[in-house]
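Chains, contacts and geometry: an overview
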Amino acid sequence: MKIGILGAGKIAHTMAATLIQMKNSNIELYAVASSSYEKSRPFAQEYHIAKAYGSYEELVKDPDVELIYIATIHTMHYAHALLCIENHKHVLVEKPLTICHQQAQKLFAKAKENNVFISEAMWTRFMPSAAFLQNIQTSQLIGDVNSIDAHIGYRLNDVQRMVDPSCGGGALLDIGIYLLHFAMMVFSNNVRSVEGSCLPLSTGVDAIDSITMQWDNHLATLQATMLSDSDNHGYIYGSQGYLKVDNINNPHKIEHFDRSNQLIDTYDFSDQITGYEYEMIAAVQAIQEHQLESSFIPHTLTLQVLQYMDQLRQQWSIHYPQEQ
């Protein structure tokens, strides 16, 4: 399957490097497009990509491109995904799929209308560690699971798009989204309530988020910050011990401790290229099977998490100019 990358920024470079290293006979990195040929040409040369386009319209008009990975800023995901869909291209959209629930609903409806695949590239949902996390409750590995404590932080307040509401800036959409997915992987999608508070910047975006998610018998306390770096650890507590996840954003190691805080087992998930390979393999397989969404992150789940983030931003009086 011939893959096109829409955008030539940092995350596009990571995906391109991943695809090259995969050496998968079913996946060919075929084209890249940017807002100018001056940006796409060196990108194509670096990764030995056959086609370089100076506009996104050229990419979607290429009849050989089958799947397009969208790697632009949050606020452009909707327009760029719509452009691809209307030109009958399958799309894998970097997270968050859109900046709000309403935009995602429109994209999914348009994709169904055009009979094309669309999925959010929430990479942690596609990783082997996801299946492990989703099985913790039923396996009784640490007894009856009751709570989660997790945090994520990167010093990003010197990145212009992160402090700009017109770019969908703030901690929640960029990194806080990982916390929501992490907790829901362990405790299911049957969330009873989501509440939180934030420390805003003067520009009008959230800088530090404190979020509480509650299920009937479970509680998750979560914190995201774009003001400082964190170890990104997540802890899952049960009646017979607890698990320590080394990085909720990309788990490489999960340690199992008993009730006496003694390490009794370690689970290794470090065997990967970058972690981006899993979402691409899943997308290609789904398309080949004529599916319009991925079983790893169905449309209903993307909509559910976006709705939670909409609710949190409403609580915090944080809005983006693109929202109606």
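Our subject is the structure that appears above.
A quick note: this is a predicted structure, and the numbers were derived from the prediction, not measured.

1. With respect to the environment of Val159
For Val159, the position within the fold is in the loop between β7 (145-153) and α8 (171-187). Taking C-alpha positions, Val159 is 24 Å from His181, a pair spaced 22 residues apart along the chain.

2. Considering the nonpolar core
In terms of nonpolar packing, the biggest core is built from 114 residues, with Ile148, Met213, Leu222, Ile236 and Met280 touching the most fellow members. Among residues more than four places away in sequence, those in contact with Met213 are Leu180, Ala183, Met184, Val191, Ser193, Val194, His218, Leu219, Ala220, Leu222 and Tyr308.

3. Notes on helix α1 (residues 10-22)
Here α1 is 13 residues long and its end C-alpha atoms lie 19 Å apart, about the 18 Å a rise of 1.5 Å per residue gives. For α1, every residue scored as buried is listed here: Ala12, Met15, Ala16, Thr18, Leu19 and Met22. Taken end-on, α1 shows its buried residues confined to a sector of 160°, consistent with a single buried face. The elements touched by buried residues of α1 are β1 (2-6), β2 (28-33), α2 (37-47), β4 (67-70) and α9 (277-288). Where α1 terminates, the next one or two residues include Lys23, which has phi positive at roughly 50°.

4. What to know about the sheet that holds strand β9 (residues 206-214)
The strand order across the open sheet formed by 8 strands is β8-β9-β10-β7-β11-β12-β13-β14, and the pairing between neighbours is mixed. This sheet does not close on itself; its edge strands, each paired only once, are β8 (193-200) and β14 (263-268). Within the sheet, the average angular offset between the axes of one strand and its neighbour, ignoring direction, is 10°. Pairing between strand β13 (residues 253-257) and β14: 5 bridges, direction antiparallel. Residue Phe257 lies in a different strand from β14, and its bridge partner there is Leu263. Along the sheet, α8 makes contact with β7, β9, β10 (219-225), β11 (234-238) and β12 (241-245), crossing β7 at roughly 160°. On the sheet, helix α10 (residues 299-316) packs against β8 and β9 and is oriented at approximately 50° with respect to β8.

5. Looking at the pairing of β10
Note that β7 and β10 share 7 bridges and pair parallel. Bridge pairing links Ala150 to Leu222 in β10. For β9 and β10, the ladder comprises 7 bridges, and the chain directions are antiparallel. Across the sheet, Gln214 pairs through a bridge with Leu219, a residue of β10. Adjacent in sequence and paired antiparallel, β9 and β10 are bridged by 4 residues.

6. Overview of the sheet that holds strand β6 (residues 118-121)
Within the open sheet, the 6 strands sit side by side as β3-β2-β1-β4-β5-β6. Their pairing is parallel. The strands lining the two open edges of the sheet, one partner per strand, are β3 (51-53) and β6. Adjacent strand axes in the sheet meet at a mean angle of 20° when their direction is disregarded. Of the pairings in the sheet, the one linking β4 to strand β5 (residues 90-94) comprises 4 bridges and is parallel in character. Bridging from a neighbouring strand, Ile70 pairs with Val93 of β5. In the packing of α2 onto the sheet, contacts are made with β2 and β3, and the angle to β3 comes to roughly 160°.

Rules and cut-offs
- Residues numbered from 1 in each chain as written.
- Predicted model: local features only at pLDDT ≥ 70, side-chain atom pairs only at ≥ 80, totals over all residues.
- Heavy atoms only, no water.
- Helix = DSSP H or I, 4+ residues; strand = E, 2+ residues; numbered from the N terminus.
- Core = buried A, V, L, I, M, F, W, Y, C linked by side-chain atoms within 4.5 Å.
- Buried < 20%, exposed > 50% of the residue type's maximum accessible area, 1.4 Å probe, protein only.
- Contact = heavy atoms within 4.5 Å.
- Expected span 1.5 Å × (residues − 1).
- Arc of directions from axis to C-beta.
- Pairing = 2+ DSSP bridges.
- Axes fitted to C-alpha atoms, helices over the stretch in contact; angles between N-to-C directions.

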